[in-house]
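# Structure assessment
The residues making up each chain are set out below.
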Amino acid sequence: MSDRPPSNARPSNFEIVCRTGCARLGRLKTLHGTFETPIFMPVGTNANVKLMRSDDLKRVGASIILSNAYHVAVRPGLEVIELHGGLHNFMAWDGGILTDSGGFQMFSLKNFRKVSDEGVTFVSPYDGSKLFLTPELSMDIQRTLGSDIVMVLDHCPPIDVGYTEALDATRRTHEWAERCLKRGVKEGQLLFAIAQGGAFEDLRRASARYLSEKDFDGFAVGGLSLGEPFEMTLRLAHATVSELPDDRPRYFMGGGSPRTIIELVAIGIDMFDSVYPTRLARHGAALTSEGRLNIKASRYRKDLSPIDHRCDCLVCRNYTRSYIHHLLNRGETLAGMLLTYHNLYYMFRFMERVRESILNGTLEEMRREVAEIYEERRG
Ligand code: PRF
Ligand code: ZN
């Protein structure tokens, strides 16, 4: 079923341009464009990045977004996507799309039922309908969606499981990764493996080492950013990265606050996704050159300055904090739209600075600066 020639017969899709310490500036080639890494991917779970039109996504600087195979396959259903000729057409987005496999949704959604070596059963809380997701089905769904980057189906346990359970999930993740590889992707789609290993450094290393030997286009660090202390995230991510091949992209799943990004770029991560900037916006908070601002606070009622005086986005050039504060207090949708636009614009300028600092060798300075502005991780 696989259309993919073996890796030694495929040109490499990832090129490292420059390094500072363990950090890398790279270029990742996909069917919908070549992207500079380190890169941030906004989350568009239901085939939309909440409150953002696709043309505005382009305008703020997004080049690849994340979507979820499981969600889209359930609603509207694969046949609807197929009618459109794929997910790109469906959502009117001609940039890159990475689809997550459904592995994470097993535990993050309430409608998960049971997992076996064969696959995982989801039961919809809406109508009781069942979906039996196997590695093969996840691959077939992502092939139909036509995503640029396909993720293998993995087993992501909670961070606090014991050794036996973590080992079992890791073993299953490896078996599933091989089944995904065997099922294959469409020509041009990239296939990424996901390393697990729970909270155990030896399992983390073993997982990365095991997957490294297989013919994947990239490798993700899974099973982290699940509420554990940041020091632990860094230590376990580092254990994983230390065993991954140097010449392939590395993706940290489900983390992407400025602080998370700068610390993980420094240990050699290239790709990030997070709901952080978009969710924060919908809760009335802005990312700024001075850190996080809660525009809902009463001190902004008569504040005529823009969200961030150092930002030249469309929102900061036209609207006051006072106006957005007013919209928030009235529960107007426009508040979330304006804040989402600004926060994503902020994230993409932030990523430009990260890449520049790798090029200039000033990543360490930027890291210290970011740590001062954003004391905690949050996302
Ligand atoms: N696996 C998958 N998706 C994910 C994760 C994972 O471990 C995480 C963990 N933070 C986020 N999204 N498939
Ligand atoms: Zn702005």
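Residues numbered from 1 in each chain as written. Chains lettered and ligands numbered in written order. Predicted model: local features only at pLDDT ≥ 70, side-chain atom pairs only at ≥ 80, totals over all residues. Heavy atoms only, no water.

It is worth spelling out the packing of aromatic side chains at this point. A complete count under the given rule lists six aromatic pairs for this structure. Here Tyr319 and Tyr323 contribute two aromatic rings whose centre-to-centre distance is 5.6 Å and whose plane-to-plane angle is 15 degrees, an arrangement assigned as stacked. By relative accessible area, Tyr319 is classed as partly exposed at 30%. Over the ring of Trp93 we find Lys58; its NZ or CZ atom is 4.8 Å from the centre of that ring. (Phe/Tyr/Trp six-rings, centres within 6.5 Å; stacked < 30°, edge-to-face > 60°. Buried < 20%, exposed > 50% of the residue type's maximum accessible area, 1.4 Å probe, protein only. Lys NZ or Arg CZ within 6 Å of the ring centre and 35° of its normal.)

Turning next to the layout of surface pockets. By volume, the largest pocket is sized at about 1000 Å³. Forming the boundary of the largest pocket are 46 residues, of which Thr45, Phe104, Gln105, Ser108 and Val275 lie nearest the centre. Counting residues per element, the ones that place at least two in the lining of the largest pocket are strand 5 (64-68), helix 2 (69-84), helix 4 (105-108), strand 14 (271-274) and helix 10 (276-282). Sorting elements by how many residues they give to the lining of the largest pocket places helix 10 first, with five residues. (1 Å grid on protein atoms, 1.4 Å probe; cavity = no way out; pocket = protein on both sides within 12 Å on 5 of 7 lines; lining within 4 Å. Points joined across faces, edges and corners; volume = space filled by probe spheres on them. Helix = DSSP H or I, 4+ residues; strand = E, 2+ residues; numbered from the N terminus.)

On to the sheet that holds strand 1 (residues 14-20). Reading across from one edge, 1-2-3 is the order of the three strands in this open sheet, with antiparallel pairing throughout. A strand with exactly one partner marks an edge of an open sheet, and here the two such strands are strand 1 and strand 3 (33-37). With direction set aside, neighbouring strand axes in the sheet form an average angle of 15 degrees. Summarising the sheet, strand 2 (residues 23-30) and strand 3 pair through five bridges and their orientation is antiparallel. Pairing of Leu28 across the sheet is with Phe35, part of strand 3. (Pairing = 2+ DSSP bridges. Axes fitted to C-alpha atoms, helices over the stretch in contact; angles between N-to-C directions.)

Next up on the list: the pairing of strand 5. Burial of strand 5 is extensive: five of the five residues sit out of reach of the surface. Across the two faces of strand 5 the burial is the same, with Ile64, Leu66 and Asn68 and Ile65 and Ser67 all buried. Bridge count for strand 5 against strand 6 (residues 96-100) is five bridges, and the pairing is parallel. In the sheet register, Ile64 faces strand 6, and the bridge partner there is Gly96.

The protein atoms donating to the zinc ion (ligand 2) are Cys311 (SG), Cys313 (SG), Cys316 (SG) and His342 (ND1), with metal-donor distances spanning 2.1 to 2.3 Å. Viewed at the metal, the four donor atoms of the zinc ion (ligand 2) are separated by angles of 100 to 119 degrees, and the geometry they form is tetrahedral. (Donors = N, O, S within 2.8 Å, 3.2 Å for Na, K, Ca; no water. Tetrahedral: all angles 85-135°; square planar, octahedral: opposite > 155°, others 65-115°.)

Ordered by their spatial adjacency, eight strands build an open sheet running 4-14-13-12-11-10-6-5, and the pairing between neighbours is parallel. One side of each edge strand has no neighbouring strand; the edge strands of this open sheet are strand 4 (39-42) and strand 5. Mean inter-strand twist for the sheet, computed between neighbouring axes without regard to direction, equals 25 degrees. Against the sheet, helix 5 (residues 135-145) contacts strand 6, strand 10 (149-151) and strand 11 (190-195), and its axis sits at roughly 160 degrees relative to strand 10. Contacts from helix 7 (residues 201-212) reach strand 11 and strand 12 (218-221), with the element oriented near 155 degrees to strand 11. (Contact = heavy atoms within 4.5 Å.)

Before going further, it helps to spend a moment on a nonpolar patch on the surface. Side chains of Leu51, Tyr323, Leu334 and Met337 sit close together on the surface and give an oily, nonpolar patch of about 290 Å² of accessible area. Within the fold, Leu334 resides in helix 13 (residues 333-360). Residue Leu334 is classed as partly exposed on the basis of its relative accessible area of 30%. (Patch = residues over 30% accessible without salt bridge, like charges linked within 9 Å, V, L, I, M, F, W, Y side chains within 5 Å. Areas by Shrake-Rupley, 256 points an atom, 1.4 Å probe, with all protein chains shown as cover. Salt bridge = Lys/Arg side-chain N within 4 Å of Asp/Glu carboxyl O.)

Turning our eyes to something else, we now look at the pairing of strand 9 (residues 130-133). Within a regular beta strand, the side chains point alternately toward one face of the sheet and then the other, so they alternate between its two faces. Here strand 8 (residues 120-123) runs beside strand 9; their pairing, made up of four bridges, is antiparallel. What sits directly across from Phe122, in strand 9, is Leu131. Linking strand 8 back to strand 9 in an antiparallel pair, the connection comprises six residues, with Gly128 at a positive phi of about 75 degrees.

Moving on, we come to the site of ligand 1. Ligand 1 sits among 13 residues. The nearest are Asp100, Asp154, Gly223, Leu224 and Met253. One nitrogen or oxygen atom from the side chain of Asp100 is found 2.6 Å from a nitrogen atom belonging to ligand 1. For ligand 1, whose accessible area on its own is 320 Å², the fraction buried by protein is 96%. Among the detected pockets, ligand 1 sits in the largest pocket. Tallied by class, residues from the shell around ligand 1 come to six nonpolar, five polar and two charged. (Near = heavy atom within 4 Å. Polar contact = N/O pair within 3.5 Å; in protein donor to acceptor, adjacent residues only side chain to side chain. Sits in = over half its atoms within 2 Å of the grid points. Nonpolar A, V, L, I, M, F, W, Y, C, P; charged D, E, K, R; others polar.)

Mapped onto the secondary structure, Gln196 falls in the loop between strand 11 and helix 7. Classification of Gln196 by relative accessible area gives buried; the value is 1%. With 25 residues separating them along the chain, Gln196 and Val221 place their C-alpha atoms 6.8 Å apart. Those residues in contact with Gln196 that lie beyond four places of it in its chain are Asp154, His155, Cys156, Pro157, Thr170, Thr173, Leu203, Arg204, Ser207, Gly222 and Gly223. There is a polar contact of 3.4 Å between the side chain of Gln196 and the backbone nitrogen of Gly223.

In short, shape yes, function no, at least from these values alone.
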